[in-house]
Amino acid sequence: MINEGLKQLSAALAARRISSEELAREYLARIDQLNPQINAFITVNPDATMQEAKTADAMLAAGTAGPLTGIPLAHKDIFCMDGWRTTCASRMLENFVAPYDAHVVGLCRQAGMVCLGKTNMDEFAMGSSNETSWFGPVRNPWDMQAVPGGSSGGSAAAVAARLAPVATGTDTGGSIRQPAAMTGITGLKPTYGVVSRYGMIAFASSLDQAGPMARSAEDCAMLMNAMAGFDARDSTSLEREREDYTRDLGQPLAGLRIGLPKEFFAAGLSGDVARAVDEALAEYRRLGAVTVEVSLPSSALSIPVYYVLAPAEASANLSRFDGVRYGHRAAEYGDLTDMYQKTRAEGFGAEVKRRIMIGTYVLSHGYYDAYYIKAQKIRRLIAEDFAKAFAECDVIMGPTAPETAFDLGAKNSDPVAMYLSDIYTIAVNLAGLPGMSIPCGFDSRQRPVGLQLIGNYFGEARLLGIAHQYQLATDWHQRVPAAVA
Ligand code: GLN
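Residues numbered from 1 in each chain as written. Predicted model: local features only at pLDDT ≥ 70, side-chain atom pairs only at ≥ 80, totals over all residues. Heavy atoms only, no water.

## Notes on the overall build of the protein
Along the backbone of the protein there are 15 helices and 11 strands. Whereas a compact globule of 485 residues would reach a radius of gyration of roughly 23 Å, the protein reaches 21 Å, a difference of no more than 12%. Based on the C-alpha atoms only, the size of the protein along its principal axes is roughly 65 × 55 × 45 Å. Excluding contacts between residues fewer than 6 apart, the proportion of contacts in the protein whose partners are at least 24 apart in sequence is 76%. Roughly 17,500 Å² of accessible area belongs to the protein as shown, and the carbon and sulfur atoms make up 52% of that amount. (Helix = DSSP H or I, 4+ residues; strand = E, 2+ residues; numbered from the N terminus. Rg over C-alpha atoms; globule rule 2.2 N^0.38 Å. Contact = heavy atoms within 4.5 Å. Areas by Shrake-Rupley, 256 points an atom, 1.4 Å probe, with all protein chains shown as cover.)

This is the structure:
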């Protein structure tokens, strides 16, 4: 059943053609077989998984099942899960067992979904290649020499390698969309505030947003139905009516106006990516859409703005890891200050330390106005660019990332080169808009290319529909990496 979508799995479970236990066992066996090579999972807990599957089978037997009951999924290891080790891929939390469920985890549990394990990621979600993980890099199932992207690289690789039908991810500057693009899967970063951040370990709170990662837009829509919803425990959670994210899947594209930001098709874009994106746009025109040029002039500043604001917020959020309350504490130390210093020096990796230092610097007296306040002002301009663009079009499209998956180690010594991976995704987080990546082809080395779709606020159902229509007409999303077929 590993190539079936959620709709087929749901039907098979409802008709009792397969049990949740059988399904979980099939996936756990694949994880056993392939994870030593791919390293997509940090933690598996087969006993807990099988217990959840048993509960799901009981719900199915009792007639209390919903559409997702019995379906396995993987959670990014940034989500707290009661009784499960939750590390955020950091030595700081290497042995931390969460005492409660994140809102997203609780919702998936309530829906009767079965957790297969916690997926690898960049440490505290800081990175674009999954190489900053304390638990080692993740390999891209399409080419084991390539990175899977990051920070949700474990979730992306797990879905691409059929180690899980769907997974959760989080996206602060591109961490759902960029790894989705690099592994040939589909991922959605919802409008800021649609999915609760409660129990999701905080990186940059004004940007962090969780979303679904799956093989298809249809599967993303079904998982989104479980993940979204108001939660009073997150002060930025939006109180809105429940939506059915599958409702626009069947909507035709005739007359759809696609905006192409001229800044996304300029220097820095690889030829292979440009070609695949152009072909995808041609397919959209065949489906009845029209393309118009739009401009996002301030988006050129999105990387510098993000690397002021995200580290500023991270430096505040990560101050809680002090060796006192939970997590790592140095074994030997002198006084209290020495304990803090040794604990944090040992517990955090180099990229996390770099962000804490930048963040502390831009928030310090004397630099706050010059950097932090200035960046906030430009953030507003970036959001206004999108508002103007959406007066001209219904959806914005372009590449998800400037290039396909790069080799392991290729950008490790150059943080700025690594940061440029998110050049097309970060502005979306700064504006709080929904964005998706869908597979649209391969480069000359058979590494996947992603097409980015950006919607207006609360446009995720429509985005999913626009992606689904493309996936009905193409089969990029159904390709299976040869190494895991
Ligand atoms: N690559 C970006 C960073 O390192 C974005 C990460 C993310 O979205 N979590 O900050």
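## Comments concerning the packing of aromatic side chains
Within the structure shown, the criterion is met by 16 aromatic pairs. When the ring centre of Tyr-198 is taken as origin, the NZ or CZ atom of Arg-233, which lies over that ring, is 3.9 Å away. (Phe/Tyr/Trp six-rings, centres within 6.5 Å; stacked < 30°, edge-to-face > 60°. Lys NZ or Arg CZ within 6 Å of the ring centre and 35° of its normal.)

## A word on the side chain of Ser-90
Of note, Ser-90 is situated in the loop between β2 (72-76) and α4 (103-110). Non-local contacts of Ser-90, meaning those with residues more than four positions away in its chain, are made with Glu-123, Phe-124, Trp-134, Phe-135, Gly-347 and Phe-348.

## Describing the nonpolar core
Formed by 150 residues in total, the largest nonpolar core has its most connected members in Phe-124, Tyr-284, Phe-386, Met-397 and Leu-453. Among the elements that take part in this core, helix α9 (residues 302-317) stands out by supplying nine residues, more than any other. Setting aside residues no more than four positions away along its own chain, Phe-386 makes contact with Leu-296, Ile-396, Ala-427, Val-428, Ala-431, Leu-433 and Ile-454. (Core = buried A, V, L, I, M, F, W, Y, C linked by side-chain atoms within 4.5 Å. Buried < 20%, exposed > 50% of the residue type's maximum accessible area, 1.4 Å probe, protein only.)

## Focus: the pattern of salt bridges
Counted by the stated rule, this structure contains 21 salt bridges. In this structure, Lys-7 and Glu-218 form a salt bridge, with 3.5 Å as the shortest nitrogen-oxygen distance. Separated by 211 residues along the polypeptide, Lys-7 in helix α1 (residues 6-14) and Glu-218 in helix α7 (residues 217-227) bring together distant segments of the chain. The exposure class of Lys-7 is partly exposed, given its relative accessible area of 49%. With a closest N to O distance of 2.8 Å, Lys-342 and Asp-338 form a salt bridge. With Lys-342 and Asp-338 both in helix α10 (residues 336-347), this residue pair falls four residues apart, about one helical turn. (Salt bridge = Lys/Arg side-chain N within 4 Å of Asp/Glu carboxyl O.)

## Considering the site of the ligand
The full set close to the ligand counts 15 residues, and Thr-172, Gly-173, Ser-175, Tyr-306 and Asp-422 are the nearest of them. For the ligand, a nitrogen atom lies 2.8 Å from a polar atom in the side chain of Ser-128. Notes on the ligand: free accessible area 290 Å², of which the protein chains cover 100%. Of the residues in the shell around the ligand, the class split is five nonpolar, seven polar and three charged. (Near = heavy atom within 4 Å. Polar contact = N/O pair within 3.5 Å; in protein donor to acceptor, adjacent residues only side chain to side chain. Nonpolar A, V, L, I, M, F, W, Y, C, P; charged D, E, K, R; others polar.)

## Considerations on the pairing of strand β7 (residues 257-261)
The buried count for β7 comes to four of five residues, which makes it a mostly enclosed element. Pairing between β7 and strand β8 (residues 290-294): five bridges, direction parallel. Note on β8: the bridge partner recorded for Arg-257 is Val-290. What joins β7 to β8 is helix α8 (residues 271-286), and the crossover it makes is right-handed. Note: β7 against strand β9 (residues 395-399), two bridges, orientation parallel. Bridging from a neighbouring strand, Gly-259 pairs with Ile-396 of β9. (Pairing = 2+ DSSP bridges. Right-handed = clockwise from strand over helix to strand, strands pointing away.)

## A closer look at helix α5 (residues 153-160)
For α5, the tally of buried residues reaches eight of eight residues, placing the bulk of the element in the interior. Along α5, the residues that are buried comprise Gly-153, Gly-154, Ser-155, Ala-156, Ala-157, Ala-158, Val-159 and Ala-160. Of the residues flanking the end of α5, it is Arg-162, one or two places downstream, whose phi is positive at about 60°.

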